Amino acid sequence: MSVKLPIYMDNNATTRVDPRVLEAMLPYFTENFGNAASRNHSFGWEAEDATKVARKQIADLIGADSKEIIFTSGATESNNLAIFGAARMYADQGKHIISAIHEHKAVLDPCKRLAREGYDVTWLEPGRDGIIRAEQIAQAIRPDTILVSIMWANNEIGTINEIEKIGAVCKEKGVLFHTDGTQAVGKIPVDVEKAGVDLLSGSGHKIYGPKGVGFLYVRRRKPRVRLTPILEGGGHERGMRSGTLNVPGIVGLGKACELCQQEMAEESARLIKLRDKLIHGITSQLDTAVLNGHPTQRLPHTANISFPYVEGESLMMAMKEVAVSSGSACTSASLEPSYVLKALGLGDELAHSSIRFGLGRFTTEEEIDYVIDKAVTSVQHLLAMSPLYEMFKEGIDLSKVEWAAH
Amino acid sequence: MAYSDKVIDHYERPRNVGTLDKNAPDVGTGVVGAPECGDVMRLQIKVDEKTGKIIDAKFKTFGCGSAIASSSLATEWLKGKSLEEAEAIKNTQIVQELSLPPVKIHCSVLAEDAIKAAIHDYEHKRGIHHDGDEEHDDHKRAGSTLAGQAQLAQELARNK
């Protein structure tokens, strides 16, 4: 078995730029370097034309109209613009926002800031399977609710929320619906019309495009959504986001979206097969390992697995040739506890570490086989050394032991 | 994180992983640390009652690579030592041997504590008491000497 090490399996964090994307971008650094806002010469027109193509490529991928795409620097900015922009624009209609405790920080932190500024935020909690359901939204909506922000799919555990149903609830109640689509766009079918989404955030570098570019979908019809801008200065992007357009980045983002649309069906089928092989390969050989989140209602490329009685840093040390992301539920010196896993109720358990396996377009079956083997042998090595595992096997309830903490 | 070669060696080929009968009169057990702190170390010694020397040592550790290496090294050093010599092992010697960085010094402290706890457990079984030792229930008090942890765990198991 010849596998090139290290193996990259952290595609929820970022992805490699697809060579076809890079190729599309390159001319826009050199020959076609114009400012898309220059209206009176061909350099500017070429640049603007390129951004128009990209707008169409993005809009086609998510079932939107080109005019509804606002370019940003990435999904963090998109989330900030959607939340602050809507909250400030519609403050006279109410100051209540609904979100969830296991959203990405780029949603949590803007909502927390608004809460400090006098808005009221309802934080929904997912079930053990990690999913936010439409009835939770229906119950939380009040007459003064102006915005619901629930991510399409979770970045740590990969579970997919009930987006279409949530969209329907929001439509019925006349509340704006923002969704952070960073992990979902390009990976699973996303249709803003079908899902009743009013605002959707997306990012280039999660879909084999470049870093530093993203978009916000802003609905123009039924209803026409208006946002108070964060950045002012020139009135670009329908006044919602001033600043010279990152033309090469935008061209790359557009191309990345086009490729995702063309290859999604085939790619997701391939990744689901590999993901399930990974999950089964690990959990069938390690009776302690547990898949986090819903077993099937999840992204094709994401699996998050907990390994009880094994400490996170030592597991990372064992897995050093495999680039994965770790979240630990224990507060060891170097690993922060994962608030997402805690939201699932996993924080109650005393000692376990978790790994997020993020597969991608360039993941091979040989790599999956290697990672299964590496994870299983590493965990077995550590379980054989773990006093906690031995106590567990003796039937001792670890939560009842009075540990003497240092 | 850059681990020293010695830490990696002990981590990959840990010496003396295992379990001795904690109820045997010639075995001393020390359990230190807590899962929520990310480290639990269990160190056991088997003592030759005639010579008073440690003839076997085993460990199991839940913790980072440095914690595993510190306890693995401790078991190597314990074998063949008298209880007095064992008690004299200092965490700084472990730090030096394994080239532990400052953030990992607590791992060596834990190993020293585990050695002492195992010795005290053995002495407790033999009816030897030190100044300041309290009777019976003191092991249930958080922060006390941890020699009784193994028995406590066993009691809990029995009560199930």
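Above this note sits the structure.
Report follows, based on the coordinates. It should be emphasised that the depicted structure is a prediction, and the values quoted were computed from it without experimental measurement. (Residues numbered from 1 in each chain as written. Chains lettered and ligands numbered in written order. Predicted model: local features only at pLDDT ≥ 70, side-chain atom pairs only at ≥ 80, totals over all residues. Heavy atoms only, no water.)

1. Overview of the sheet that holds strand β6 (residues 176–180) of chain A
Residues and elements named next belong to chain A.
Stage number 1. One open sheet accounts for seven strands, arranged β2-β8-β7-β6-β5-β3-β4; its pairing is mixed. The open sheet has two edge strands with one neighbour each: β2 (69–72) and β4 (120–124). Here the strands of the sheet are splayed against their neighbours by 20° on average, with no regard to which way each runs.
Stage number 2. As paired strands, strand β3 (residues 96–100) and β4 are joined by five bridges and run parallel to one another. Residue pairing in the sheet places I98 in a bridge with T122 of β4.
Stage number 3. Set on the sheet, helix α3 (residues 75–89) makes contact with β2, β3, β5 (145–149), β6, β7 (199–203) and β8 (214–218); between it and β7 the angle comes to about 160°. (Pairing = 2+ DSSP bridges. Helix = DSSP H or I, 4+ residues; strand = E, 2+ residues; numbered from the N terminus. Axes fitted to C-alpha atoms, helices over the stretch in contact; angles between N-to-C directions. Contact = heavy atoms within 4.5 Å.)

2. A short note on the side chain of S4 of chain B
Stage number 1. For S4 of chain B, the position within the fold is in the segment before α1 (5–12).
Stage number 2. The class of S4 of chain B is buried, set by a relative accessible area of 18%. (Buried < 20%, exposed > 50% of the residue type's maximum accessible area, 1.4 Å probe, protein only.)

3. Regarding the pattern of salt bridges
All names here are of chain A.
Stage number 1. Counted according to the given criterion, the structure contains 36 salt bridges over all chains.
Stage number 2. Between D276 and R275 there is a salt bridge, with the nearest N and O atoms lying 3.0 Å from each other.
Stage number 3. Residue classification places D276 among the partly exposed residues on the basis of a relative accessible area of 34%.
Stage number 4. Between D397 and K400 there is a salt bridge; the shortest N-O distance is 3.1 Å.
Stage number 5. Classification of K400 by relative accessible area gives exposed; the value is 55%. (Salt bridge = Lys/Arg side-chain N within 4 Å of Asp/Glu carboxyl O.)

4. Concerning the packing of aromatic side chains
Residue and element names in this part refer to chain A.
Stage number 1. Summed over the entire model, instances satisfying the criterion amount to five aromatic pairs over all chains.
Stage number 2. Residues F33 and F43 carry aromatic rings whose centres are separated by 5.4 Å and whose planes lie at 40° to one another, so their mutual orientation is tilted. Placement of F33 in the loop between α1 (19–25) and α2 (42–62) and of F43 in helix α2 is noted, with a sequence separation of 10 residues between them.
Stage number 3. Judged by its relative accessible area of 53%, F33 falls in the exposed class. (Phe/Tyr/Trp six-rings, centres within 6.5 Å; stacked < 30°, edge-to-face > 60°.)

5. Focus: the packing of helix α4 (residues 91–98) of chain B against helix α5 (residues 105–125) of chain B
Residue and element names in this part refer to chain B.
Stage number 1. Packing of α4 against α5 leaves a shortest axis separation of 8 Å and a crossing angle of 130°. For the element pair α4 / α5, the angle class is oblique. The two elements α4 and α5 cross, and the hand of that crossing is right-handed. Touching N91, I94 and V95 of α4 are I105, S108, V109, A111 and E112, all from α5. (Parallel < 35°, antiparallel > 145°, perpendicular 65-115°, else oblique. Left-handed = near helix turned anticlockwise from the far one by under 90°.)

6. Re the side chain of R298 of chain A
All names here are of chain A.
Stage number 1. On the secondary structure map, R298 appears in the loop between β9 (290–291) and β10 (302–308).
Stage number 2. It is D276 that comes nearest to the buried, bridge-free R298 among opposite-charge side chains, at 6.5 Å.
Stage number 3. Of note is the side chain of R298, whose polar atom sits 2.6 Å from the backbone oxygen of N292.
Stage number 4. A distance of 2.9 Å separates a polar side-chain atom of R298 from the backbone oxygen of H294. (Lys, Arg positive; Asp, Glu negative; His and termini not counted. Polar contact = N/O pair within 3.5 Å; in protein donor to acceptor, adjacent residues only side chain to side chain.)

Any link to function would need more than the numbers given here.
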